[in-house]
Each structure stands twice: as C-alpha cells, then as structure tokens.
Amino acid sequence: MECPLCGHILPKDADACDQCDWVRTDTETAEGKASDAVAVMLSVIPGLGHVYKGYKLIGLLFFFGAVGALLAGGLAATATAGFGLFLIPIYWFAVMFHVYGIEDRVASTVQDEGEEY
Ligand SMILES: [Zn+2]
C-alpha cells in the first residue's frame, strides 16, 4: 500500500508511516472528530445531533426529553424562584456530552468504504 499522506510505499498492513506522521486510525479519523463537533453544535436543538449521527430514535427521545425538561424547569423555576432554570442548561450539557461520546454510525460506514482503496 501507499501512504495516503506522502505516497511512501509501506507494508500491506502498516499501521503507521515511517516517513511522515500518518497513522492508521480505524476508530477515530479526522472526519469522525469533525462530525462530533457538528453533532455537538446541532445539539443546540436536543436530539438533532443524535439524528445526525444516525441515532434517529434516541434523537427523538432526547428532543421530547428537552420539551419535558423545559416544562419541568419552568415549573421548578416558579416553585423555587428561578433556581429550577438551572436544570435546563444541565440537560443541554448532558445531551451534548452524550452525542459527543457515542459512536458515529454514519461516518463509520463511509470510513469503511474509504479504507478499501
Ligand atoms: Zn507517509
């Protein structure tokens, strides 16, 4: 095989190039990291980041969960003089944290095809 960065001829199953900084990354590619960032940004609307990563059902659950969190936070806010509003950003943070951590179903299939050049 050739090194995808510098074209140096490498052993067939090489994990890294000895001529440049290329390293084989099966689990985390540059595209994977980029899509993590996009998914987190999309999670401004809770669930959208999950849908983007291919988790449609979980995304839907998080979306309705956010509606519930807004209602619960609003109710808690009236009962606790505004303190309940802290629940909402905590929920948002939890959704973003989760979408960042889960495996990217979409990118992993694209990546598999890309490996077989
Ligand atoms: Zn190289």
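## A few points about the environment of I9
- Tracing the chain through its elements places I9 in the segment before α1 (30–42).
- Here I9 falls in the exposed class, since 10 other C-beta atoms lie within 10 Å of it.
- In this structure, the C-alpha to C-alpha distance between I9 and Q19, residues 10 residues apart in sequence, is 9.6 Å.

## A word on the packing of helix α3 (residues 56–79) against helix α4 (residues 87–101)
- Direction vectors running N to C along α3 and α4 enclose 160°, while the axes themselves pass 8 Å from each other. By the angle between their directions, the pair α3 and α4 is classed as roughly antiparallel. Handedness of the α3/α4 crossing: right-handed. Of α4, the residues touching α3 (which contributes F62, A66, A69, L70, A72, G73 and A76) are L87, I88, Y91 and V95.
- Grouping the constituent residues of the contact of α3 with α4 by class yields 10 nonpolar, one polar and no charged.

## Focus: the confidence of the model for the protein chain
- Counting all residues, the mean pLDDT for the protein chain is 80, and 82% of those residues have values of 70 or more.
- Per-element confidence in the protein chain is highest for helix α2 (residues 48–52), whose mean pLDDT is 90, and lowest for helix α5 (residues 105–115), whose mean pLDDT is 54.

## Concerning α3
- Under the 1.5 Å per step criterion, the end-to-end length of α3 is 34 Å for 24 residues, consistent within 8% with the ideal 34 Å.
- Within the span of α3, buried status applies to G59, F62, A69 and G73.
- Turning to α3, the residues buried within the fold contact α2 and α4.
- Downstream of α3 by a residue or two, A81 has a phi angle that is positive, lying close to 55°.

Parameters and conventions
Residues numbered from 1 in each chain as written. Predicted model: local features only at pLDDT ≥ 70, side-chain atom pairs only at ≥ 80, totals over all residues. Helix = DSSP H or I, 4+ residues; strand = E, 2+ residues; numbered from the N terminus. Buried ≥ 20, exposed ≤ 12 C-beta atoms within 10 Å, placed from the backbone. Axes fitted to C-alpha atoms, helices over the stretch in contact; angles between N-to-C directions. Parallel < 35°, antiparallel > 145°, perpendicular 65-115°, else oblique. Left-handed = near helix turned anticlockwise from the far one by under 90°. Contact = placed C-beta atoms within 7 Å. Nonpolar A, V, L, I, M, F, W, Y, C, P; charged D, E, K, R; others polar. pLDDT = per-residue confidence, 0-100. Expected span 1.5 Å × (residues − 1).

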